[in-house]
2 protein chains.
Amino acid sequence: MVKRIMERFESLLPYSEAVSIFDAVPWHLPGRERVNIEDAAGKISACSVFSPMDIPDKNKAAMDGYAVKHINTSNASDHNPARLELSGVNMAGGGAGYPLKDGQCREIYTGSIMPEGADAVIKVENCEQSGDYIYIYSPVLAGENVASIGEDISRGSLILGEKSIIRPQNISSMTAAGIKSATVYRNITIGIVNTGRELVTGQINNSTGSLLRSFYRRAFMDIIDGGMADDSVDSIIEKISNIRKKCDIIIVTGGSSLGRKDLTTDAISRLGKMLFSGVSIRPGRTIALFNVDNMPVLSVSGLPVAALMSSLIFVNRYVQNAFGLEITEKAPAILEERIHNKTGFTTFQVMNAFVKGGELYARPLETTASGRISSLLMGNSFTLIGENLEGMEKGSRIIINVIGDIKWE
Amino acid sequence: MVKRIMERFESLLPYSEAVSIFDAVPWHLPGRERVNIEDAAGKISACSVFSPMDIPDKNKAAMDGYAVKHINTSNASDHNPARLELSGVNMAGGGAGYPLKDGQCREIYTGSIMPEGADAVIKVENCEQSGDYIYIYSPVLAGENVASIGEDISRGSLILGEKSIIRPQNISSMTAAGIKSATVYRNITIGIVNTGRELVTGQINNSTGSLLRSFYRRAFMDIIDGGMADDSVDSIIEKISNIRKKCDIIIVTGGSSLGRKDLTTDAISRLGKMLFSGVSIRPGRTIALFNVDNMPVLSVSGLPVAALMSSLIFVNRYVQNAFGLEITEKAPAILEERIHNKTGFTTFQVMNAFVKGGELYARPLETTASGRISSLLMGNSFTLIGENLEGMEKGSRIIINVIGDIKWE
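Residues numbered from 1 in each chain as written. Chains lettered and ligands numbered in written order. Predicted model: local features only at pLDDT ≥ 70, side-chain atom pairs only at ≥ 80, totals over all residues.

1. Some details on the overall build of chain A
The following threshold applies: The way it works is that DSSP assigns letters per residue, a run of H or I at least four long becomes a helix, a run of E at least two long becomes a strand, and they are numbered from the N terminus. Radius of gyration means the value over C-alpha atoms here, while the globule rule gives 2.2 Å times the residue count to the 0.38 power. Any residue pair is listed as a contact if its two C-beta atoms, each placed from the backbone, are within 7 Å.
Helix and strand counts for chain A stand at nine helices and 27 strands. Over its C-alpha trace chain A gives a radius of gyration of 31 Å, far above what one expects of a compact globule, namely 22 Å for 409 residues. Principal-axis analysis of the C-alpha atoms places the extent of chain A at approximately 105 × 50 × 40 Å. Considering only contacts within chain A whose residues lie at least 6 apart along the sequence, 70% involve residues at least 24 apart.

2. Quick look at the domain arrangement of chain A
All names here are of chain A. Our working definition: Domains are outlined according to an automatic or database domain assignment. In this count, Pro and Cys sit with the nonpolar residues alongside Ala, Val, Leu, Ile, Met, Phe, Trp and Tyr, while Asp, Glu, Lys and Arg are called charged and the others, Gly among them, polar.
Once the domains are mapped, chain A shows domain 1 (2–30 + 187–323), domain 2 (33–54 + 165–184), domain 3 (60–147) and domain 4 (329–408). Each of domain 1 and domain 4 has a C-alpha centre, and the two are 25 Å apart. Listed per partner, the contact involves 14 residues of domain 1 and 13 residues of domain 4. Mapped by element, the contributors of at least two residues to the side of domain 1 that touches domain 4 are helix 5 (207–216), strand 17 (281–282) and helix 8 (304–323). Looking at the side of domain 1 that touches domain 4, the element that brings in the most residues is helix 8, giving four residues. Residues belonging to the side of domain 1 that touches domain 4 are distributed by class as follows: ten nonpolar, three polar and one charged.

3. Brief notes about the relation of the copies chain B and chain A
Our working definition: When the copies are overlaid, the least-squares fit takes in C-alpha atoms only where the residue has pLDDT of at least 70 in both copies.
Of the transformation superimposing chain B on chain A, the axial component is 0.0 Å and the angular component is 180°, with the fit at an RMSD of 0.1 Å. The superposition operator between the copies reduces to a two-fold rotation axis. Comparing contact sets, 100% of the residues at the interface of chain B also lie at the interface in chain A, consistent with an isologous, same-surface contact.

4. A look at unusual backbone geometry
The residue after Ile55 of chain A, namely Pro56 of chain A, is reached through a cis peptide bond having omega -5°. Following Arg282 of chain B, the chain continues into Pro283 of chain B via a peptide bond in cis, with omega recorded as -10°. Here Pro283 of chain B lies in the loop between strand 17 (281–282) and strand 18 (288–292). One non-glycine residue, Asp293 of chain A, adopts positive backbone phi at about 50°. Here Asp293 of chain A lies in the loop between strand 18 (288–292) and strand 19 (295–300). For Asn145 of chain B, which is not glycine, the phi torsion reads 60° and is therefore positive. Within the secondary structure, Asn145 of chain B sits in the loop between strand 9 (133–136) and strand 10 (146–147).

5. Looking at helix 5 of chain A
Note the threshold: We call a residue exposed when 12 or fewer other C-beta atoms sit within 10 Å of its C-beta, buried when the count reaches 20 or more, and partly exposed for counts in between; the C-beta positions come from the backbone.
The buried fraction of helix 5 of chain A amounts to ten of the ten residues, a majority that puts the element mostly inside the structure. Restricting attention to buried positions, one finds in helix 5 of chain A the residues Ser207, Thr208, Gly209, Ser210, Leu211, Leu212, Arg213, Ser214, Phe215 and Tyr216 of chain A. Elements that come into contact with the buried residues of helix 5 of chain A comprise strand 13 (188–195), strand 14 (221–229), strand 15 (249–253), helix 8 and helix 9 (373–378) of chain A together with helix 3 (168–176) of chain B.

6. Considerations on the sheet that holds strand 16 (residues 273–277) of chain A
All names here are of chain A. Our working rule: Should DSSP find at least two bridges between two strands, the strands are taken to pair. For helices, the fitted line uses only the C-alpha atoms of the stretch in contact; every axis is such a line through C-alpha atoms, and the angle between N-to-C directions lies from 0 to 180 degrees.
What the six strands build is an open sheet, ordered 14-13-15-19-18-16; its pairing is mixed. The sheet is open, and its two borders are formed by strand 14 and strand 16, each paired with just one other strand. Averaged over all neighbouring strand pairs, the angle between strand axes comes to 20°, with direction disregarded. Relative to strand 18, strand 16 runs antiparallel, the two sharing four bridges. The residue of strand 18 that forms the bridge with Ser277 is Ala288. Together, strand 13, strand 14 and strand 15 form the strand contacts of helix 5, whose direction differs from that of strand 13 by roughly 175°. The strands touched by helix 8 are strand 13, strand 15, strand 18 and strand 19; relative to strand 19, the strand with the most contacts, the crossing angle is about 165°.

7. Quick notes on the confidence of the model for chain A
All names here are of chain A. What counts is decided by this rule: Values of pLDDT, which run from 0 to 100, indicate the predictor's confidence residue by residue.
Across chain A, pLDDT averages 92, with 95% of residues at or above 70. Long-range and interchain partners of residues 1–9, a stretch whose pLDDT sits below 50, account for 13 contacts in this model, where long-range means more than four residues apart. Our summary of model confidence lists the complex with pTM equal to 0.93 and ipTM equal to 0.92.

8. What about the interface of chain B and chain A?
A common way to state how big an interface is: give the accessible area lost once the parts meet. If you look at the interface, chain B gives 67 residues, while chain A gives 67 residues. Elements with a minimum of two residues in the side of chain B that touches chain A: helix 1 (2–10), helix 3, helix 4 (197–200), helix 5 (207–216), helix 7 (258–269), strand 20 (329–335), strand 23 (359–364) and helix 9 (373–378) of chain B. Ranked by residue count, the leading element in the side of chain B that touches chain A is helix 3 of chain B, at seven residues. Of the residues in the side of chain B that touches chain A, the class split is 25 nonpolar, 25 polar and 17 charged.

9. Here we look at the sheet that holds strand 19 (residues 295–300) of chain B
Residues and elements named next belong to chain B. Across the sheet, which stays open at both edges, the six strands sit in the order 14-13-15-19-18-16 with mixed pairing between neighbours. Of all strands in the sheet, those bounded by a partner on one side alone are strand 14 (221–229) and strand 16 (273–277). Sheet twist, expressed as the mean angle between neighbouring strand axes with direction ignored, is 20°. In this structure, strand 15 (residues 249–253) lies alongside strand 19, joined through four bridges in parallel fashion. Residue pairing in the sheet places Ile250 in a bridge with Val297 of strand 19. Lying over the sheet, helix 5 contacts strand 13 (188–195), strand 14 and strand 15, oriented at roughly 175° with respect to strand 13.

10. Looking at the environment of Met91 of chain A
As for its position among the elements, Met91 of chain A is in the loop between strand 5 (82–90) and strand 6 (104–108). Taking the number of C-beta atoms within 10 Å as the measure of exposure, Met91 of chain A has 21 and is therefore buried.

11. Section: helix 6 (residues 233–243) of chain B
Residue pairs spaced three or four apart in an α-helix point in one direction, given the helix's 3.6 residues per turn. Inclusion rule: Comment: arc refers to directions from the helix axis out to C-beta atoms.
Burial in helix 6 of chain B covers these residues: Ile236, Lys239 and Ile240 of chain B. Viewed end-on, helix 6 of chain B has its buried residues packed into an arc of 95°, placing them on one side of the element.

12. As for the pairing of strand 26 (residues 397–402) of chain A
Every other side chain in a regular strand lies on the same face of the sheet, so the side chains alternate between the two faces. All names here are of chain A. Across six bridges, the pairing between strand 20 (residues 329–335) and strand 26 is antiparallel. Counterpart to Ala331 in the pairing with strand 26 is Ile400. Note: strand 24 (residues 381–385) against strand 26, two bridges, orientation antiparallel. Each bridged residue has a counterpart across the sheet, and for Ser381 the counterpart in strand 26 is Val402.

13. A short note on the packing of helix 3 (residues 168–176) of chain A against helix 5 of chain B
Geometrically, a packed helix pair is captured by the angle between its two axes and the distance between the axes. To be explicit about the condition: Any angle that is under 35 degrees is reported as roughly parallel, and any over 145 degrees as roughly antiparallel; angles of 65 to 115 degrees are reported as roughly perpendicular and all others as oblique. With the far helix as reference, a near helix turned anticlockwise by less than a right angle produces a left-handed crossing, and one turned clockwise produces a right-handed crossing.
At a minimum axis distance of 8 Å, the contact between helix 3 of chain A and helix 5 of chain B shows a crossing angle of 160°. When the interaxial angle is binned, helix 3 of chain A and helix 5 of chain B end up roughly antiparallel. The crossing of helix 3 of chain A and helix 5 of chain B is right-handed. Residues Pro168, Gln169, Ile171, Ser172, Thr175 and Ala176 of chain A of helix 3 of chain A pack against Ser207, Ser210, Leu211, Ser214 and Phe215 of chain B of helix 5 of chain B.

14. Considering the pairing of strand 15 of chain B
All names here are of chain B. The element strand 15 is extensively covered by neighbouring structure, given that five of its five residues are classed as buried. Alternating residues of strand 15 divide into Ile249, Ile251 and Thr253 and Ile250 and Val252, and every residue in both groups is buried. Inspection of the sheet shows strand 13 paired to strand 15 by five bridges, in the parallel sense. Of the residues in strand 15, the one forming a bridge with Ile190 is Ile249.

15. Examining the environment of Ile171 of chain B
Mapped onto the elements, Ile171 of chain B comes out in helix 3. When neighbours within four sequence positions are excluded, Ile171 of chain B is seen to be in contact with Ser210 and Ser214 of chain A together with Ile37, Glu38, Ala40, Ala41 and Ile166 of chain B.

16. Let's talk about the environment of Val350 of chain B
On the secondary structure map, Val350 of chain B appears in strand 22 (residues 346–356). C-alpha of Val350 of chain B to C-alpha of Asn401 of chain B: the two residues are 51 residues apart in sequence and 9.5 Å apart in space.

Structure below.
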């Protein structure tokens, strides 16, 4: 039995081919929903949004002072101040008041609507009051200290791009424009089924399930814990079937062991079609991809780091292809020490990144054990080493994916 | 009236002094609570956690193959293979089985417990089976392909640091060690009260409240919307009083206008002591800090960007002093264009950061309007320019705080 199963792994699919096969499937995507604007933070927008109004929608004072006709101040100087009659006050939140007449000014506050006829605001510190008159010692330009209509956001301008992460600034802009809800993609729902008698019996704790659930639980992702399946085809089918209608992607862990690989493969093959099994990546080469009604089902290792890294390739592809976004935060870094690679494998190397002298460096962790969760405790990032590289030289510029705290030295 | 109020702002407190005053107060911190381990993601740990057990807790196979006594293979070669009697199988999830006798081997799978007496695993691809015997063609070293007790995490080693953000890898390690809950700091609760008749009457939409709420709603922070207060001392006091017992920090917006500044200052002064008013920062110089029963209450501008940037200084200080953490993600970048600064002011400059040729660059946005939310839509980061700098030269290494998507060119 052992020898027969082995054959399946003798030829591993190159990483790039596995990705091409994944990319070629028209995977089902999450639908759209309308949510309250403040619940939209971190979600993926489903539509572009253009401002339906000018912001500000009226000319407003941008300083505390006096609204004037700028022409009335054009000859003002220390020796020959302009003398303007004070004609009331426009408070913030109030109306425009009477139109301003020639020779008049109006006390005004930041955010107050400008009176009709006024085209500039003189800062309070450049004036003096004497009775009902304000003395102004220097000229002001037309439009000075005025926030004019549409100056911040003009009607029709883009305030939220389609397929982008909704940020606080988008929410604030939409609120300013009177928009109270947003159309977003429903969260991408990741179902996780862990298989293995050692989990069911409690012989080991389900640290792999725990890692995947806490990693994939993000602003635009939901997790469904599909529970633990025993070492039987029926049990695995049952656990997947229980959650499949609610999921966009399912990850089945515990296909790492050759003896068990048969079980998960048999089980998932009854639900859909296997697209590949065995990819030249380290860790996680035992990964298999199935198409179940155009939903990707990934069978991955039972070891935590291998399960995470190998599933992440394809979950990230799903998000990239559909939305042009990436799950983990990328950063450019300088390689601080040579990395060796086993050619023929695309390798996830755990790194420890740090900032020194204003530059981001990354040092590889010496770890070969793909299952070791301790490597992720010691590192804070990872990088991908291409299968054709024997290594990467010290000083190379690399891309890291940040998954922990970066120290500043 | 206008002139009298102005005097308060004639001397602005330097940024560094404002920070020193803030840092000197023994602010009340959130308490601790125990949460389910998987609900702890992104929260701040309140205790160091050390593993109560070795992981793995037993010697286990790290490959699929045959468990052996390494000594039985020491002379194995292609011409003279070791011939070992197959003595059953140890499945993953099963027990150790009978102890292994000299001259025997045991079929074993990744994660299976090693039989007593075995000290190495031969990979399945390096063996051949014939009847009840396994032929082995090369020697194996003691410990080879075995995950030995404590190899990943040894008993007593640190798996979660105190006052650190709890990451998926911490959760997974704790789960592996049988830990089901974590002691965390309660979320820092930020109360936000927006003042201004223009909000109450709906003359303008509350984009400032919206920005602050969506920005400060984070993994380890909660928001309480204290509602909108009218332009009266009583209304402001009422809104603050309604939420003060539930908050760790309160931000009151709308003290930007000189006319209104009096109202918020009067209101908050009845609840606590003003520590400063007016700081040499741009935007947001009107900020005032009050100590209300050792809870910081910040009175800030009603303009969104000024309100965010000026409050962020002190909310970030609170988090830094208490937990050694920062709210926004920092990154080192190269300044792509000269920035000019008005000396005497610590300036928040909105930047557009991008990656080019493996390096992170940041270009300043040309914007002087502190209230413009559009600047945050166009940029994706900000940097702080010190008050003594007339600017920063092109090519300087700067620190940016990332608040949007960074483009890779």
